[in-house]
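# Observations on the three-dimensional arrangement
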Amino acid sequence: MSFHQLHSTGDVPFLLPNAWDVGSALALVEAGFPAVGTTSFGIAAAAGSPDGRHATREATRALVARLRALPVYVSADIEDGYDEDPEEVAAYAADLGADGVNIEDSAADRLVPADVHAAKVAAIKRRAPGLFVNARVDTYWLGENATVDATLARARAYVAAGADGIFVPGATDPDHVRAFTSQLPVPVNVLAVPGVPLAELGRLGVRRVSTGSLPYRAAVDTAVAVAEAVRDGKPVPAATSYRDAQQRLLDYEDRLGGPGRR
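The paragraphs below set out a description of the structure included in this document. Throughout, a residue's number is its position along its own chain's written sequence, starting from 1. For this predicted model, a pLDDT threshold of at least 70 governs which residues receive local features, and a threshold of 80 or more governs which side-chain atom pairs are given and counted, while totals over whole chains, interfaces and linings are taken from all residues. Values shown for side chains rest on all heavy atoms present in the structure; no hydrogens or waters enter the calculation.

This paragraph deals with the pairing of strand S10 (residues 188-191). Along a regular strand, successive side chains alternate from one face of the sheet to the other. Relative to S10, strand S9 (residues 165-167) runs parallel, the two being bridged by two bridges. Its bridge partner being in S10, Ile166 is matched across the sheet by Val188. Look down the strands so they point away from you; if the path from the first strand over the helix to the second goes clockwise, the crossover is right-handed. Secondary structure elements are taken from DSSP: a helix is a run of H or I of four residues or more, a strand is a run of E of two residues or more, and numbering for both begins at the N terminus. Handedness of the β-α-β unit built from S9, helix H8 (residues 174-183) and S10 comes out right-handed. Any two strands between which DSSP finds at least two bridges are classified as paired. Where S10 meets strand S11 (residues 208-210), three bridges bridge the pair, whose relative direction is parallel. Residue pairing in the sheet places Leu191 in a bridge with Ser210 of S11. Handedness of the crossover joining S10 and S11 through helix H9 (residues 198-203): right-handed.

Here you go:
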């Protein structure tokens, strides 16, 4: 099954978990996920930088290069493409070697003109026709022009430019989500909504659900909880053993010296 086909099979949406380093990706692969995405927030935060400021360009490139050795598909979160020039964006996306990219239509926490983002999408598809381009519409995420009509207008421009999927983070109203899935001819992606089962999102027509930075933020919270539990003499949460975690890395090291993943 190809990465594209993962978006169109079954009644339950394809869940794409997002990793921020090799260790987190290895754990997700071991859990049986067929694909792993990267999270720009997690990568940026791990290096001490805010998200969305182009600080993850080289770190994302390096992480994708290392994840390509794994027996799963890899999708890269490339913020806004790290450049205003569509051809530079296309060159970066094509050279990553990922199976898909997620590219957002905002910069510095503001929406960019839809035609600017559409030009980036079109340039990527010309340079790498087989790459799954998930065009992100940040209207709801930023609370800027957060209406169904405005979001659909931007999404349709990206579809016309060649986008393979549309991502609307922050959209949670069922009627709004259903409007997107029923009026767009490509798979619609939303962020995981705590308390809302994947099957319910599937009934709304959603084809892909991303965890975004949630696993990274939850991991940080758990690390704090462990330290507090040790300090306060409380029960410590269960964790993968050192031996098992080390074995994952040893197996990964062996894989790096072996043949390609597919």
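Having seen the structure, we can now continue with the description.
This part is about the packing of aromatic side chains. What counts as a ring pair is set by centres within 6.5 Å for rings of Phe, Tyr and Trp (its six-membered ring), and what kind of pair is set by the plane angle: stacked under 30 degrees, edge-to-face over 60, tilted for all other angles. For the coordinates displayed, the defined rule picks out seven aromatic pairs. Taking 5.9 Å as the distance between ring centres and 50 degrees as the angle between the ring planes, the aromatic pair formed by Phe3 and Tyr73 counts as tilted. Pair noted here: Phe3 is in the segment before strand S1 (14-16) and Tyr73 is in strand S4 (residues 73-77), with a separation of 70 residues, a long-range link. Residue burial is assigned from relative accessible area. The probe radius is 1.4 Å, only protein chains are included, and a residue is buried under 20% of its type maximum, exposed over 50%, and partly exposed in between. Among the residues examined, Tyr73 registers a relative accessible area of 15% and is labelled buried. Note on Phe41 and Tyr216: the rings are 6.0 Å apart at their centroids and 70 degrees apart in plane angle, and the pair reads as edge-to-face. With Phe41 in helix H2 (residues 40-46) and Tyr216 in helix H10 (residues 214-232), this pair connects stretches of sequence that are 175 residues apart. For Tyr216, a relative accessible area of 14% puts it in the buried group. A network of ring pairs unites the aromatic residues Phe3, Phe14, Tyr73 and Phe132 as a single cluster.

On to the pattern of salt bridges. A side chain of one charge can pair with a side chain of the opposite charge when the charged atoms of the two come close. Whenever Lys or Arg places a side-chain nitrogen within 4 Å of a carboxyl oxygen from Asp or Glu, that contact is recorded as a salt bridge. Summed over the entire model, instances satisfying the criterion amount to twelve salt bridges. We note a salt bridge from Arg154 to Asp105, for which the minimum N-O separation is 2.9 Å. With a gap of 49 residues between them, Arg154 in helix H7 (residues 148-160) and Asp105 in the loop between strand S5 (100-104) and strand S6 (106-107) connect regions that are remote in the sequence. We note that Arg154, like Asp105, is buried.

Once that is clear, we can look at the environment of Asp99. Summarising the element assignment, Asp99 is placed in the loop between helix H4 (86-96) and S5. A residue is classified by how much of its surface remains accessible, and Asp99, at 14% relative accessible area, is buried. Residues Asp99 and Pro215 lie 116 residues apart in sequence; the distance between their C-alpha atoms is 21 Å.

Of all five residues in strand S8 (residues 132-136), five are buried; the element is thus mostly enclosed. With five bridges joining them, S5 and S8 adopt parallel strand pairing. Pairing of Glu104 across the sheet is with Arg136, part of S8. Alignment of S8 against S9, held across three bridges, turns out to be parallel. When the sheet's bridge partners are listed, Asn134 is paired in S9 with Gly165.

What follows covers the layout of surface pockets. Of the grid points, spaced at 1 Å and generated over the protein atoms alone, those admitting a 1.4 Å probe that cannot get out make up cavities, while open sets with protein on both sides within 12 Å along at least five of seven lines make up pockets; any residue with an atom within 4 Å of a point is treated as lining. Grid points are joined across faces, edges and corners, and a volume is the space filled by probe spheres set on the points. Considering only enclosed or pocket space, the largest pocket measures out at about 650 Å³ in volume. Ser40, Asp51, Asp77, Arg136 and Trp141 are, among the 40 residues lining the largest pocket, the residues nearest its centre. Residues were grouped as follows: Ala, Val, Leu, Ile, Met, Phe, Trp, Tyr, Cys and Pro as nonpolar; Asp, Glu, Lys and Arg as charged; and all remaining residues, including Gly, as polar. Of the residues that constitute the lining of the largest pocket, the class distribution is 13 nonpolar, 16 polar and eleven charged. Size it by volume and the second largest pocket reaches roughly 530 Å³. As for the second largest pocket, its lining consists of 20 residues, and the residues nearest its centre are Ser24, Ala27, Ala219, Thr240 and Arg248.

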